[in-house]
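# Examination of the molecular architecture
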Amino acid sequence: QVQLVEAGGGLVQVGGSLRLSCTASGRIISMHRSAWYRQAPGKQRELVAVINRGGTIDYANSVKGRFTISRDMAKYAIYLRMSSLKPEDTAVYYCNLEVVEASDLRSFVKYWGQGTQVTVSS
């Protein structure tokens, strides 16, 4: 079993910046697809940014040019740097990490973080 712990959310004014982190613990062999999602009240969870298995990066059009996803393979951590924040960025942000773990070397398994609230005030 792997656990993902998120941090970095909070209250920020329009135009401000935040950096979210997601750190995995457990018997992890390797990290693969790494992603950030968000969900606002009454809305579906949406993919914000993703590092695909092949290493390519995709962003939602709404955050392109403002958000940057990155990861530290040695620390088993992924990050989301957010700038020029807008009220519509307000949501709970969730990390999602695909890993190979020691208990099953044959499979990819996906895990979710607990979520961290980002609130952008007008």
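If you're wondering where the values come from, they're calculated on a predicted model, not measured in any experiment. (Residues numbered from 1 in each chain as written. Predicted model: local features only at pLDDT ≥ 70, side-chain atom pairs only at ≥ 80, totals over all residues. Heavy atoms only, no water.)

### Some details on the environment of Val-5
Mapped onto the secondary structure, Val-5 falls in strand S1 (residues 3-7). Residue classification places Val-5 among the partly exposed positions, given a relative accessible area of 48%. Between the C-alpha atom of Val-5 and that of Ala-60, which follows or precedes it by 55 residues, the distance is 23 Å. When sequence neighbours within four positions are dropped, the list of residues in contact with Val-5 reads Ser-21, Cys-22, Thr-23 and Gln-114. (Helix = DSSP H or I, 4+ residues; strand = E, 2+ residues; numbered from the N terminus. Buried < 20%, exposed > 50% of the residue type's maximum accessible area, 1.4 Å probe, protein only. Contact = heavy atoms within 4.5 Å.)

### A word on the pairing of strand S9 (residues 91-101)
In the case of a regular strand, side chains alternate between the two sheet surfaces. For S9, a buried count of 10 out of 11 residues is recorded, marking the element as mostly surrounded by other parts of the structure. Two strands pair when backbone bridges link them, and strand S4 (residues 28-39) and S9 are joined in this way by 9 bridges, in the antiparallel orientation. In the sheet register, Ala-35 faces S9, and the bridge partner there is Asn-96. For S9 and strand S11 (residues 116-121), the ladder comprises 3 bridges, and the chain directions are antiparallel. Its bridge partner lying in S11, Val-92 is registered against Gln-117. Of the pairings in the sheet, the one linking S9 to strand S10 (residues 104-112) comprises 5 bridges and is antiparallel in character. Residue pairing in the sheet places Glu-98 in a bridge with Lys-110 of S10. In this antiparallel pair of consecutive strands, S9 and S10, the connection spans 2 residues. (Pairing = 2+ DSSP bridges.)

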